[in-house]
Amino acid sequence: MTLPLSPDELLTTTRTVRKRLDLARPVPVDLVRECLEIAVQAPSGSNRQGWHWIVVTDTEKRKAIGEYYRRSFAAYAASGGTSAGQYADDPDRAEVQRRVGDSASYLAERMGDVPVLVIPCLRLHGGKLPDGNQAGLWGSLLPAVWNYALAARARGLGTAWTTLHLAYEQEVADVLGLPADVRQGALVPTAYYTGDTFRPAPRVPLDEVLHVDGW
């Protein structure tokens with residue numbers, strides 16, 4: 001069963017869910033698989049489909065990954081680079097950023113408690129990231145990650161797209177036994193969500209960032 005959402009509703013109300021992830025309710029692996037079947041319909045360069053998906057439900061492995069994420073977030077917060085401190089000169093945006101920062105901190109302390117952690121990966125030709133522009137490489141994975149988030153939303157699941165764990169990418173790879181030629185692209189905590197209100201987020205007006213025929 002999927003929610004009765006129009007395409008525009010699905011696209012504009014698939015939000016990052018942190019505080020409203022239901023940490024106590026198990027998520028069936030078959031439901032995650034259903035979302036991943038949608039994910040892999042995304043495009044990839046030359047139709048290589050080089051993605052791999054690590055679905056982590058084991059309690060101890062989730063705890064270990066959550067601890068690495070917590071450490072990375074703590075370092076990020078200490079650096080002053082978090083969303084909470086941005087746009088201090090704009091009261092409206094500053095308040096939004098404060099809420100984002102608060103919810104990010106909340107999730108950082110509970111990442112290991114989220115019932116399912118999904119880690120999308122790429123298996124690299126030659127085992128190494130290429131020098132220079134990598135847009136084509138990651139562009140063959142990240143649209144599929146967004147497909148996964150949309151499919152999850154349509155099925156009553158909440159997700160958050162994160163990458164902070166990559167400061168400990170090798171340590172997480174060791175936890176999961178990943179081969180040396182596999183690189184991680186994101187970490188997507190997945191759970192049922194509490195409440196039922198999702199709406200489009202405030203965004204910078206399009207005319208401030210739209211350029212036609214040149215800058």
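Residues numbered from 1 in each chain as written. Predicted model: local features only at pLDDT ≥ 70, side-chain atom pairs only at ≥ 80, totals over all residues. Heavy atoms only, no water.

## Examining the side chain of His165
- Note on placement: His165 falls in the loop between strand S3 (157–159) and helix H7 (169–176).
- Looking at His165, its side chain comes within polar contact range of the side chain of Gln184, at 2.9 Å.
- Sequence-distant contacts of His165, defined by excluding residues within four places in its chain, comprise Tyr69, Ser72, Ile119, Val172, Gln184, Ala186 and Leu187. (Helix = DSSP H or I, 4+ residues; strand = E, 2+ residues; numbered from the N terminus. Polar contact = N/O pair within 3.5 Å; in protein donor to acceptor, adjacent residues only side chain to side chain. Contact = heavy atoms within 4.5 Å.)

## Here's the deal with the packing of aromatic side chains
- Under the counting rule described, the total for this entry stands at three aromatic pairs.
- Both rings, one in Phe73 and one in Tyr76, keep their centres 6.4 Å apart while their planes meet at 70°; by these two values the pair is edge-to-face. Taken together, the residues span about one helical turn, with Phe73 and Tyr76 both in helix H3 (residues 59–78) at a distance of three residues.
- Note on Phe73: relative accessible area 11%, which makes it buried.
- Under the relative-accessibility criterion, Tyr76 is labelled partly exposed at 32%.
- Ring plane angle 75° and centroid distance 4.8 Å describe the contact between Tyr193 and Phe198, whose orientation is recorded as edge-to-face. Grouping residues by exposure puts Tyr193 and Phe198 together as buried.
- Between the NZ or CZ atom of Arg20 and the centre of the ring of Phe198, over which it lies, the distance is 4.5 Å.
- The ring of Tyr106 carries Arg110 above its face, with NZ or CZ at 3.7 Å from the centroid. (Phe/Tyr/Trp six-rings, centres within 6.5 Å; stacked < 30°, edge-to-face > 60°. Buried < 20%, exposed > 50% of the residue type's maximum accessible area, 1.4 Å probe, protein only. Lys NZ or Arg CZ within 6 Å of the ring centre and 35° of its normal.)

## A look at the pairing of strand S2 (residues 116–123)
- S2 sits mainly inside the fold: seven of its eight residues count as buried.
- Sheet topology places S2 next to strand S5 (residues 188–192); three bridges connect them, and they run antiparallel. Residue pairing across strands places Leu117 opposite Pro189, the latter belonging to S5.
- Judged from the three bridges that link them, S2 and strand S4 (residues 182–184) form a sheet pairing that is antiparallel. When the bridges of S4 are listed, Leu122 appears paired with Arg183. (Pairing = 2+ DSSP bridges.)

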